[in-house]
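Structural overview for review
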Amino acid sequence: MSRAHKRAFALVLEEEYDDFDDIFVNRRPRFIKERTNDFENLDELDFVTRYRLSKKSVLHVLERIEDQLEYNSNRNNGVSPINQLLCTLRFYATGCFQGTAGDLCGVSAATVNRIVHKGSRAIASLWRDYILFPETDEEIKRTQRMFYQKAKFPRVIGAIDCTHIKFWQSPGGEVPESYRNRKGYFSLNVQVICNSNLEITDIVARYPGCTHDARIWRQCQRRARFERGEYGDAVLVGDSGYGCRRYMMTPLDQCHTEAEHLYNESQIRTRNPVERTFGVWKRRFPVLALGLRVQLINILPIITATAVLHNIARRAGEDIPINSEVNLPSPWEEILAQDDIPVPLQRDLPHRRITQDNRERQTLVDVYFERMVRL
C-alpha cells in the first residue's frame, strides 16, 4: 500500500497507525499456469492415449465448433479453441476431478468447469450430423444388408438396449431418489439404437435410473414413427425386456423346434452389436463408466457429446486406445457389469398364443427360419 493510501485511511479513520500492512492484506498475485502444446509435442500414439481421438479427428471436430469456442478478444490470456477442446477431451478420458484436469491442462479448476460444459454443449450441437437413423430407402436397405451379414437375420435396421450412466451427487429436486437404480447408485438410464458398425443411430438420455427400458421405448419419438409405419417392414432387435411387436423382434422364452432355436441364436447374435457399443463407448471415454461429478443439467450434454465423438471415431476406423492413464478401481469387465442391470422378462403367453403383437415374429420363425433349417 502506498504512503498516500495510508494517509488517506488515517484521515478517514481519524486514528494514527504506524504500519497499515498489519491491517490490510495484499491481494494474492495472479499466476498464469504454463499451458502445454500437446497437439504439437506428442506423437500420434501418446496423443490418442491421452485424448482418446486421433489428431485428424480432433481437427475435424475443431473445424465444426471453433466459432462457438473462440473468445471475442485475447484479453486476460484467454484459452484458445484447440486447448479448450483438448481440455474437454482430457476430462472425458480421465473422469477425474476438474481441479486435476486443470493441472493437466494448465488452467484453474473454475476455468475447467466453464470449458468442459461449454465444449460439451458445442460438441453435442453436432448430433444432427453424426447421430443419424436410416431414413431413406437406400439407407435402410444398406443397414439391413450389413446386419444380415452378421447372423442371417432379415430386415433388421437397428439393435436397441439401455445402459446406465453413473453420477455421484444427488440431483436434488422433488424426487431425487427416482434417479437411484436397483443397484443403489444414482444414474440416468440411456436408450441407444446402433447399427452393425457399432455407430449410435439414436439416443435418448433423460430418464432417471429407476425407469424401465420398455417405458423409455414406449414414450420415445422413434417408437411413434415405427407405429405409423414410416420404416416399412424394417424391424429392431431387442432383449426380453421389450414387448414383442411387429417391428420389435425379441427372443423366444422357450424353444420347441429347430427353427425356434435357430431364430433365438440368430436374434442374439444380431443384437450383440449394441452390447459391444456400450463397451467401446465407455472404454473410449471412461468418465461414463467411472461416474460424473457434475450437476444433472450438465450431464445430458456430456452424454450426447461423447456419443457424437464415438461415432466420429467409428467412422474414421479408430480402435480403442490400448493403454490408458486412468487408475481403475476394478477391472473393466466388473465396471461395465455394474451398468448392465437386467430387467424383468416379459414372458410369452402360455402355449405361445398368437396375437397381433407376436404374429410377425411367429411368421418369421415358421417361414424364414424353418426354410433355413431345411437347407
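Residues numbered from 1 in each chain as written. Predicted model: local features only at pLDDT ≥ 70, side-chain atom pairs only at ≥ 80, totals over all residues. Heavy atoms only, no water.

Thoughts on empty space enclosed by the protein
A complete count under the given rule lists 2 cavities of 30 Å³ or more for this structure. What the largest cavity holds in volume is close to 100 Å³. Along its surface, the largest cavity is lined by 11 residues, and Thr36, Asn83, Leu86, Cys87 and Cys105 are the ones closest to its centre. Broken down by secondary-structure element, the contributors of at least two residues to the lining of the largest cavity are α5 (81-94) and α6 (98-105). Per-element tally for the lining of the largest cavity: the top contributor is α5, with 3 residues. Of the residues in the lining of the largest cavity, the class split is 7 nonpolar, 2 polar and 2 charged. (1 Å grid on protein atoms, 1.4 Å probe; cavity = no way out; pocket = protein on both sides within 12 Å on 5 of 7 lines; lining within 4 Å. Points joined across faces, edges and corners; volume = space filled by probe spheres on them. Helix = DSSP H or I, 4+ residues; strand = E, 2+ residues; numbered from the N terminus. Nonpolar A, V, L, I, M, F, W, Y, C, P; charged D, E, K, R; others polar.)

Looking at a negative patch on the surface
On the surface, Glu63, Glu66, Asp67 and Glu70 cluster together into a patch of negative charge. If you trace the backbone, Glu66 turns up in helix α4 (residues 55-69). (Patch = residues over 30% accessible without salt bridge, like charges linked within 9 Å, V, L, I, M, F, W, Y side chains within 5 Å. Areas by Shrake-Rupley, 256 points an atom, 1.4 Å probe, with all protein chains shown as cover. Salt bridge = Lys/Arg side-chain N within 4 Å of Asp/Glu carboxyl O. Lys, Arg positive; Asp, Glu negative; His and termini not counted. Charge placed at Lys NZ, Arg CZ, Asp CG, Glu CD.)

Side note on α4
An ideal rise of 1.5 Å per residue puts 21 Å on 15 residues; α4 reaches only 18 Å between its terminal C-alpha atoms. Within α4, the axis deviates most sharply at Glu63, by approximately 50 degrees. All buried positions along α4 are accounted for by Lys55, Ser57, Val58, Val61, Leu62, Ile65 and Leu69. The secondary structure elements touched by the buried residues of α4 are α2 (38-41), α3 (44-51), α5, α7 (109-124) and α14 (296-315). (Expected span 1.5 Å × (residues − 1). Bend = angle between axes of the 7 residues up to and from the residue. Buried < 20%, exposed > 50% of the residue type's maximum accessible area, 1.4 Å probe, protein only. Contact = heavy atoms within 4.5 Å.)

Structural notes on the nonpolar core
Formed by 70 residues in total, the largest nonpolar core has its most connected members in Tyr92, Val190, Ile203, Trp281, Leu292, Ile303 and Leu309. The element best represented in this core is α14, accounting for 9 residues. With sequence-adjacent residues up to four places away left out, Ile203 is seen in contact with Ile131, Val190, Gln191, Val192, Trp281, Ile303 and Ala307. Formed by 18 residues, the second largest nonpolar core is a distinct cluster that contains Cys162, Val204, Phe226 and Met248. (Core = buried A, V, L, I, M, F, W, Y, C linked by side-chain atoms within 4.5 Å.)

Let's talk about the sheet that holds strand β5 (residues 248-249)
On the basis of which strands lie adjacent, the open sheet formed by 5 strands has the order β3-β2-β1-β4-β5 and mixed pairing. Unpaired on one side and paired on the other, β3 (200-208) and β5 mark the two borders of the sheet. Looking at chain direction, strand β2 (residues 187-194) and β3 are connected through 6 bridges and run antiparallel. Paired with Leu188 across the two strands is Pro208, which belongs to β3. Relative to the sheet, α14 contacts β1 (156-166), β2 and β3, its axis offset from that of β3 by approximately 165 degrees. (Pairing = 2+ DSSP bridges. Axes fitted to C-alpha atoms, helices over the stretch in contact; angles between N-to-C directions.)

Examining the side chain of Thr277
Relative to the assigned elements, Thr277 resides in helix α12 (residues 258-284). Under the relative-accessibility criterion, Thr277 is labelled buried at 0%. Within polar-contact distance, the side chain of Thr277 engages the backbone oxygen of Pro273 at 2.7 Å. Apart from residues lying up to four places away in sequence, Thr277 is in contact with Cys194, Leu198, Ile200 and His310. (Polar contact = N/O pair within 3.5 Å; in protein donor to acceptor, adjacent residues only side chain to side chain.)

A look at the packing of α4 against α5
At their nearest, the axes of α4 and α5 sit 9 Å apart, and the two run at 115 degrees to each other. Read as a crossing pair, α4 and α5 show a hand that is right-handed. Contacts between α4 and α5 pair Val58, Val61, Leu62, Ile65, Glu66 and Leu69 from the former with Pro81, Ile82, Gln84, Leu85, Leu86 and Leu89 from the latter. Considering only residue class, the contact of α4 with α5 consists of 10 nonpolar, 1 polar and 1 charged. (Left-handed = near helix turned anticlockwise from the far one by under 90°.)

A word on the pairing of β2
Of all 8 residues that make up β2, 8 are buried, and the element is covered over most of its length. Residues Ser187, Asn189, Gln191 and Ile193 point to one face of β2 and Leu188, Val190, Val192 and Cys194 to the other, with burial holding for every one of them. In this structure, the hairpin formed by β2 and β3 is closed by a connection of 5 residues, where Leu198 is found at a positive phi of approximately 65 degrees.

That's the geometry; what it means functionally is another story.
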